[in-house]
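Residue-level structural notes
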Amino acid sequence: MGLKIGGQIEKIDGRELTYTDFVKNYFEKNEPVVLKGLMDDWRACKDWVFDNGKPNLLLFKNNFGKSQVQVADCSCREFTDQKRVEMSVSEFVDQWLKISSKESCSGSGQVNNGPAVLYLKDWHFVKEYPEYTAYETPQFFLDDWLNFYLDNYSMHRDPDPHKEINDICCSDYRFAYMGAKGTWTPFHADVFRSYSWSANVCGKKYWLFLSPSQCHLAFDRHMKSSVYDVFDDIDQKKFPGFEKAIWLECTQEQNEIVFVPSGWYHQVHNLEDTISINHNWFNGFNLSWVWDLLLRDYHEAREYIEDIKDICDDFEGLCQRNLAVNTGMNFYDFFIFMVHFSLANVVLLDYLARNCGNPLDSSSLTVPHLVLNLKSIREIALRMKSVVVPPRSCAVSLDIFQIMEDSAFLALCKVLARTYDAIHKEQKQSYDIRVNDFLGLDCLKGSSSELHTPENLVNFIDSTFSRLSGLSSG
Ligand SMILES: O=C(O)CCC(=O)C(=O)O
């Protein structure tokens, strides 16, 4: 039986949409959309594509050929994903050119005894070639806490100061994807339940989406494993709800950008030779999705090793280490992340208070955005408070002043300031933020300088709000 298609993803002209509209219609409702008209000026769209819409593969071989990349073999399943091999871009292009004439793929991207169908995924192109501005991130997707943080810090800082090797990927989540017609990505939801955007520089993709309220239908009855390829002959006994699932679909053309909201499962097929830019990110609008995932994965990690609890010296520590390995971050990493963004948002609010009058009385759109960010962090810190995990003896300082003295934090504040200026098209506030500015922060006077627990964080945010409303009524 075929899939039940409930509708198409809406396509709109991104140039006719304000940021506020995007927030209201897509971030807050957590709905997917396809945006047109936002890639006209991209260098990638000129340099990487021939006039006939085919990718200029030799450009990649000649200019970026030495890069080592992860390539998925779409014909070979490995656990819940495709088998990955590492090779250079030059080798990848050679193999693509060699097999492109053979047309050995079936409709769903599976190969029948043919050569491997190779799909270059998760190439950290921006990180590797920062000078080559291939594209501009569209305004709607600029508020990207995940990548801003990873540009300045690593996500997982091991509490053991003697352990220098950090084997959890902490690079960034800005990728290029390149694959011949027939390459595909199995059914999945995105890392950390982040948002993603995916822009077709050339080619065409077919997307199938399952909303978060439907996704249990594609899981087994224990909610442990999901379907791998939705076009397979799905075993009804193993996945009893699958036939009831209602799918949304979309064919994404060249120069169109798909917005994938948090927690939406999807499967993607390249209908033509395709190059895309894909980012994953989160911010104040979807931070709660990250916490929900961490909590779920934490319970799973605990359950998995429950039988060694009594013989384990540091059972909680082991659960958190396993969580970091499996999910990419643990409670401590996430908490440290939230502390940094709370401080950065407070620094910006405080800056506006000192330089542009009382922020709560101003007409700036940045102010409500910063307030919303802090409320969203506060809400999650409240939820975290109820999960009892012993505080970690921390290699990372959670002392406000020490965080602020670090040049990485200054960089984080500056990029956030520039971002909100750009998003809300404010008159340049020209945030001239220097380390000395931090030390004058009113909000820190008299308050504890340590933010070790979710409760400390809630109190810190509350004291910021009461200070600001005091200004407002005064
Ligand atoms: O384009 C693909 O093959 C997969 C993209 C994807 O899953 C995403 O952007 O979330």
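If you're wondering where the values come from, they're calculated on a predicted model, not measured in any experiment.

Cut-off values and rules
Residues numbered from 1 in each chain as written. Predicted model: local features only at pLDDT ≥ 70, side-chain atom pairs only at ≥ 80, totals over all residues. Helix = DSSP H or I, 4+ residues; strand = E, 2+ residues; numbered from the N terminus. Buried ≥ 20, exposed ≤ 12 C-beta atoms within 10 Å, placed from the backbone. Contact = placed C-beta atoms within 7 Å. Near = placed C-beta within 6 Å. Nonpolar A, V, L, I, M, F, W, Y, C, P; charged D, E, K, R; others polar. pLDDT = per-residue confidence, 0-100. Pairing = 2+ DSSP bridges. Axes fitted to C-alpha atoms, helices over the stretch in contact; angles between N-to-C directions. Parallel < 35°, antiparallel > 145°, perpendicular 65-115°, else oblique. Left-handed = near helix turned anticlockwise from the far one by under 90°.

Here we look at the overall build of the chain
The helix and strand tally for the chain stands at 14 helices and 14 strands. Residues counted as buried form 40% of the 474 residues belonging to the chain. Here the analysis covers contacts within the chain between residues at least 6 apart in sequence; of these, 78% occur between residues at least 24 apart.

Regarding the site of the ligand
Inspection of the region around the ligand gives Tyr177, Thr185, Asp190, Ser196, Ser198, Lys205, Val260, His266, Val268, Ser276 and Asn278 as its neighbouring residues. Listed by contribution, the elements that provide at least two residues to the shell around the ligand are β9 (195–202), β13 (265–270) and β14 (274–281). Here the shell around the ligand is built from residues that sort into three nonpolar, six polar and two charged.

Examining the confidence of the model for the chain
Here the chain averages 90 in pLDDT, while 85% of its residues score no lower than 70. Overall, residues 104–113 carries pLDDT values under 50, and its contacts beyond four positions in sequence, including any with other chains, amount to 21 contacts. In the predicted structure, residues 164–168 sits below a pLDDT of 50 and forms eight contacts with residues beyond four places in sequence or in another chain.

A word on the sheet that holds strand β7 (residues 174–179)
Read from one edge to the other, the open sheet built from nine strands follows the order β2-β3-β12-β9-β14-β7-β6-β4-β5, with strand pairing classed as mixed. Across the chains shown, the open sheet's two edge strands, defined by having one partner strand only, are β2 (11–13) and β5 (81–88). If you compare each strand with its neighbour and ignore which way they point, the axes differ by 25° on average. In this structure, strand β4 (residues 68–78) lies alongside β5, joined through eight bridges in antiparallel fashion.

Structural notes on the packing of helix α9 (residues 331–355) against helix α12 (residues 407–423)
One can describe the packing of α9 onto α12 by two numbers: an axis separation of 10 Å at closest approach and a directional angle of 60°. On the basis of their axis angle, the class for α9 and α12 is oblique. The chirality of how α9 crosses α12 is right-handed. Facing α9, whose interface residues are His340, Ala344, Val347 and Leu348, α12 presents Phe409, Leu412, Cys413, Leu416 and Ala417. Of the residues assigned to the contact of α9 with α12, the class counts are eight nonpolar, one polar and no charged.

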